[in-house]
Amino acid sequence: MNELFVRGASLPEAYHNALESLHKNYDELPCPDYNTFQKEASMTFVVENPLMEPMISKLFIGDPRSLEQYRQEILDGILDFEVDHGKWDYTYHLRMEKQIPWVINELRRSNESRRAVVLVRSEYDMSTDSPACLQHLQFLIRGDALHCKVLFRSNDATKATFMNAFALIMLQKKIADILGVSVGSYTHRANSFHVYKRDYDMFDGYVRRINSGGELTYFFKGDWDELMEEAKPEITRMIDELRAR
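Residues numbered from 1 in each chain as written. Predicted model: local features only at pLDDT ≥ 70, side-chain atom pairs only at ≥ 80, totals over all residues. Heavy atoms only, no water.

1. Topic: the environment of Met 43
Applicable threshold: To qualify as a helix, a DSSP run of H or I must reach at least 4 residues; to qualify as a strand, a run of E must reach at least 2; elements of each kind are numbered from the N terminus. In what follows, a contact means two residues having at least one pair of non-hydrogen atoms within 4.5 Å.
On the secondary structure map, Met 43 appears in strand E3 (residues 36-47). The spacing of Met 43 and Pro 32 is 11 residues in sequence and 21 Å in space, taken between C-alpha atoms. Residues in contact with Met 43, not counting those within four places in the same chain, are Leu 4, Val 6, Ala 18, Ser 21, Leu 22, His 188, Arg 189, Ala 190 and Phe 193.

So, in structure tokens, the structure goes:
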């Protein structure tokens, strides 16, 4: 199994480097759980400055509304009620929410601590067809900056990775702001960094765009952050409608 490591100054740069590296170094193998094939490697990518602009990749298949909704799902738990409704088995927010205050207190206790870990995996994952992909997060203060290291057991490179990383960086920033420290590096580890067969053409297209040298980023500040803010009322209406069902 290929073991890949890339880095980038910004989130888009690191993400694009990860896609390009996977495109060059993968194994193609069956994925029986989904009756398909996949291109796969183990990937670690490091974002040296997670808040560096431009922060948004044009290879993200969503839009400002979907990114804002996902940010709210991770940070605020806006869809946690779907678990009570029996439609979802879990949310990342539900699994993390009681641990985040402990992480903050632990880092206040000692800014050199190595114990500030959030466990996402649950014993429930051993008896479900939809176990959590995100396994754990670790937060470390080094050099007056909060660094975040995350582990995914499985990560869809073309359709999930950018959104996952963006939302977790927003969580990292939230914790750093509470602690009064700057945002350090973000390290994203996926033991299975993969592309499903149905997305091979999309994957090839992404890499062609990367290699073309064209502009592949948007600014977050003053651009996407405003569009995401504008999407909030629509998201609120959608949540109210779902709750009422």
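2. Description of the packing of aromatic side chains
One pair of aromatic rings is described through two measures. These are the centre distance and the angle between the planes. Threshold: For Phe, Tyr and Trp, rings pair up if their centres lie within 6.5 Å, where Trp contributes its six-membered ring, and each pair is then called stacked (planes under 30 degrees apart), edge-to-face (over 60) or tilted (otherwise). Categorising residues by exposure relies on relative accessible area from a 1.4 Å probe, with only protein chains included: less than 20% of the type maximum marks a residue as buried, more than 50% marks it as exposed, and the intermediate range marks it as partly exposed. When the NZ atom of lysine or the CZ atom of arginine is within 6 Å of a ring's centre and also within 35 degrees of its normal, the charge is said to sit over that ring.
With the rule as written, the count across this model stands at 7 aromatic pairs. Taking the centre distance of 6.1 Å and the plane angle of 45° together, the rings of Tyr 90 and Tyr 92 count as tilted. Each member of the pair, Tyr 90 as well as Tyr 92, carries the same accessibility label: buried. Among the aromatic residues, those joined into a ring-pair cluster are Tyr 15, Phe 60, Phe 162, Tyr 218 and Trp 224. When the ring centre of Tyr 200 is taken as reference, the NZ or CZ atom of Lys 39 above it lies at 4.4 Å. Stacked on the ring of Tyr 218, the Lys or Arg Lys 58 has its end atom at 5.0 Å from the ring centre.

3. Notes on helix H2 (residues 64-76)
Convention followed: For a helix, the expected span equals 1.5 Å multiplied by the number of residues minus one.
An ideal rise of 1.5 Å per residue puts 18 Å on 13 residues; H2 measures up with 17 Å between its terminal C-alpha atoms. For H2, a buried count of 10 out of 13 residues is recorded, marking the element as mostly surrounded by other parts of the structure. Among the residues of H2, Pro 64, Leu 67, Glu 68, Gln 69, Tyr 70, Arg 71, Gln 72, Glu 73, Ile 74 and Leu 75 are the ones counted as buried. Turning to H2, the residues buried within the fold contact strand E4 (56-57), helix H4 (92-96), helix H6 (161-179) and helix H8 (220-244). Taken from the residues just after H2, Gly 77 is the one with a positive phi, measuring 70°.

4. What about the pattern of salt bridges?
Filter applied, for reference: Basic side-chain nitrogens of Lys or Arg form a salt bridge, by our definition, when they fall within 4 Å of a carboxyl oxygen of Asp or Glu.
Under the defined criterion, the tally for this structure stands at 10 salt bridges. Glu 3 is the partner of Arg 189 in a salt bridge, and the nearest nitrogen-oxygen pair spans 2.1 Å. One end of the pair, Arg 189, is in strand E9 (residues 182-196); the other, Glu 3, is in strand E1 (residues 3-8), and 186 residues separate them in sequence. By relative accessible area, Arg 189 is classed as partly exposed at 21%. Between Glu 229 and Lys 232 there is a salt bridge, with its nearest N and O atoms 2.9 Å apart. Placement of both Glu 229 and Lys 232 in helix H8 is noted, with a separation of 3 residues, approximately one turn of the helix. The class of Lys 232 is partly exposed, set by a relative accessible area of 27%.

5. Concerning helix H7 (residues 200-212)
For H7, which comprises 13 residues, the first-to-last C-alpha distance of 18 Å matches the rise-based estimate of 18 Å (1.5 Å per residue) to within 8%. Along H7, the residues classified as buried are Tyr 200, Phe 203, Gly 205, Tyr 206, Val 207 and Ile 210.

6. Points about unusual backbone geometry
Where the residue is not glycine, phi is negative for most of them; where a peptide bond is considered, it is trans in most cases. Cis geometry marks the peptide bond from Glu 53 to Pro 54; its omega dihedral reads -5°. Position of Pro 54 among the secondary structure elements: in the loop between E3 and E4. Its identity is not glycine, yet Asn 35 carries a phi of approximately 55°, on the positive side. On the secondary structure map, Asn 35 appears in the loop between strand E2 (27-31) and E3. Positive phi, close to 60°, is recorded for Asp 144, a residue that is not glycine. Considering the arrangement of structural elements, one finds Asp 144 in the loop between strand E6 (134-142) and strand E7 (145-152).

7. Concerning the environment of Arg 245
Within the secondary structure, Arg 245 is located in the segment after H8. With 160 residues separating them along the chain, Arg 245 and His 85 place their C-alpha atoms 9.2 Å apart. Excluding its chain neighbours within four sequence positions, the residues that come into contact with Arg 245 are His 85 and Lys 87.

8. Describing the packing of H2 against H6
In helix packing, the relevant descriptors are the interaxial angle and the interaxial distance, both defined with respect to the helix axes. The test is simple: Fitted lines through C-alpha atoms serve as axes, helices being fitted only where they are in contact, and the angles separating the N-to-C directions of these axes extend from 0 to 180 degrees. Roughly parallel here means an angle under 35 degrees, roughly antiparallel means over 145, roughly perpendicular means 65 to 115, and every remaining angle is called oblique. Left-handed describes a crossing in which the near helix is turned anticlockwise from the far one by less than a right angle; the clockwise case is right-handed. As a working rule, the residues Ala, Val, Leu, Ile, Met, Phe, Trp, Tyr, Cys and Pro are called nonpolar, Asp, Glu, Lys and Arg charged, and the rest polar, with Gly in that last group.
The geometry of H2 relative to H6 is characterised by a closest axis approach of 9 Å and an angle of 50° between their N-to-C directions. As far as their axial angle goes, H6 and H2 are oblique. For the crossing formed where H2 meets H6, the hand is right-handed. For the pair H2 and H6, contact is made by Ser 66, Leu 67, Tyr 70, Arg 71, Ile 74, Leu 75 and Asp 76 and by Met 163, Asn 164, Phe 166, Ala 167, Leu 168, Met 170, Leu 171 and Lys 174, respectively. The residue inventory of the contact of H2 with H6, partitioned by class, reads 10 nonpolar, 2 polar and 3 charged.

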